Structures are given as C-alpha cells and as structure tokens.
Amino acid sequence: MNGFLKELNQSPVIATARDYSQVDAAIRSRARAVFILCGTILTLGEQVRRVRMSGKRVFVHLDLLGGLGRDATAVEWCYEAARPDGVISTRSPLLKRARELNMTTIQRLFVMDSASVEHGVRQFKSYAPDMLEVLPGLVPKAITFLSETLDIPIIAGGMITRPEEIKTALDAGAVGVSTSNEALWETEADACR
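Residues numbered from 1 in each chain as written. Predicted model: local features only at pLDDT ≥ 70, side-chain atom pairs only at ≥ 80, totals over all residues. Heavy atoms only, no water.

Participant: When you look at the packing of helix H4 (residues 72-82) against helix H5 (residues 92-100) in this model, what are you seeing that I'm missing?
Facilitator: Relative orientation and spacing of two packed helices are given, respectively, by the angle between their axes and the distance between those axes. Look at H4 against H5: their axes get within 9 Å of each other, and the N-to-C directions meet at 40°. Accordingly, the angle class assigned to the pair H4 and H5 is oblique. In terms of crossing hand, the pair formed by H4 and H5 is right-handed. Only Leu 94, Arg 97 and Ala 98 of H5 make contact with H4, whose side of the interface consists of Ala 72, Val 75 and Glu 76. Across the contact of H4 with H5, the residue classes tally to 4 nonpolar, no polar and 2 charged. (Axes fitted to C-alpha atoms, helices over the stretch in contact; angles between N-to-C directions. Helix = DSSP H or I, 4+ residues; strand = E, 2+ residues; numbered from the N terminus. Parallel < 35°, antiparallel > 145°, perpendicular 65-115°, else oblique. Left-handed = near helix turned anticlockwise from the far one by under 90°. Contact = heavy atoms within 4.5 Å. Nonpolar A, V, L, I, M, F, W, Y, C, P; charged D, E, K, R; others polar.)

Participant: Which parts of the structure should I look at to understand the packing of aromatic side chains?
Facilitator: A complete count under the given rule lists 2 aromatic pairs for this structure. Here the basic side chain of Arg 83 rests over the ring of Tyr 79, its NZ or CZ set 4.2 Å away from the ring centre. (Phe/Tyr/Trp six-rings, centres within 6.5 Å; stacked < 30°, edge-to-face > 60°. Lys NZ or Arg CZ within 6 Å of the ring centre and 35° of its normal.)

Participant: Help me understand the pattern of salt bridges in this model?
Facilitator: Enumeration over the complete set of coordinates arrives at 14 salt bridges. Across the salt bridge formed by Asp 130 and Arg 99, the nearest N and O atoms sit 2.9 Å from each other. Here the residue Asp 130 occupies a position in the loop between helix H6 (114-126) and strand S6 (131-135), and Arg 99 occupies one in helix H5, the gap between them amounting to 31 residues. Note on Asp 130: relative accessible area 18%, which makes it buried. The class of Arg 99 is partly exposed, set by a relative accessible area of 32%. Look at the salt bridges and you will find they share partners, linking Glu 76, Arg 97 and Glu 100 into a network. (Salt bridge = Lys/Arg side-chain N within 4 Å of Asp/Glu carboxyl O. Buried < 20%, exposed > 50% of the residue type's maximum accessible area, 1.4 Å probe, protein only.)

Participant: Any chance you could explain the nonpolar core here in plain terms?
Facilitator: Grouped burial of nonpolar side chains is what soluble globular proteins tend to show. Counting residues in each nonpolar core, the largest one holds 53 residues, and the members touching the most others are Leu 132, Ile 143 and Leu 146. Leave out the neighbours within four places in its chain, and Ile 143 touches Val 134, Gly 137, Ile 154, Ala 156, Ala 169, Ala 172, Gly 173 and Ala 174. Ranked by size, the runner-up nonpolar core spans 11 residues in total, among them Phe 4, Leu 8, Ala 33 and Ile 155. (Core = buried A, V, L, I, M, F, W, Y, C linked by side-chain atoms within 4.5 Å.)

Written out as structure tokens, the structure is:
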C-alpha cells in the first residue's frame, strides 16, 4: 500500500470508470490508478487484466459488480478470478475478507450529516480498512475531521468536477481524489497542490 500512497502523492487523481467506455479512457489517461464501478462477473477479469497491462493499479467496487453475491465467497471469487490490487465496498465484512487475502481495502463512507461522520468513526475503529473514500468529496470539513481523527489515508470521491475542487480536497487532508470526470484524469499533480 505504501507504493500506492507514493503514487497518489505524485498523481492524486484516480480515474473512476462507471461504464466500459470509461475503462478504455482510464487506460489511456494520465491517472495511475483506476476504480472500476461497472461490469459483471463475466467481464471483470478482462477489465482488470487490461488496466493492469497498462501499468496502472486497479480497484474493484464489489457492491456494484453484477452477478456477484455480497459475502466472503464473492471476495474470494474476485481475488481468484481477477486479481485486482484492491477492493472498494461499504460493507466491512467484505473488506475484512479481502484484507485476509492481502488485497488493499477501501471503505466507502457517504457523509450526509454529523451523525453519518460519527457512525463512520465508530465503524472504522472496530475495523480499520487500509483507506477511506469519503463521498461526496466536496465536504472539506468532514475530510479534515476524519483525517485528523482516524489514522487512515482519505480519498475524496464524488461530485468533483473542477481542478480547484481537487485542490480543496487535498488541502483538507485527502491523499487522493477519485472522479469519473475524464477531463480531470489529465490534471497535473502541480495543479492540484
């Protein structure tokens, strides 16, 4: 995971592919990591293989993968069939099993109010994933609070559409920003700091 953090320091924008055409665009982009938020058990292996062949890290969102259950067996299948660098989920038990398989784990947290932030803190203290993705990424106050409260790298995701929003998230304490906005995938690291 340290290698991934170093890459985020050099290139903090993560390409988030919500459909197959975005997987192709992500492969061609400057981004060094790709979050796959689309596909099925029939297409995942090929998508992961193509992203890896492009020299990028690839993470699969387990909750959004079609044809896959939401249990430990699903995680094991993903590991055996596709071999991504890591997985993303809102479900701690799935991430716990992924960590046992030596995959990097990213827990998604939807921030709606202070109660959701407090719930997230309690959840992460009971099970600490490798990273936390905070959505929407336009909530610098929550990003700052979580990065100061939890000893875990924060990724800001969702609703990031302009370069200055990347900078705001990074200034708030995020180590990276995930976005499906393809124009931002080409953002230079210097423009974000």
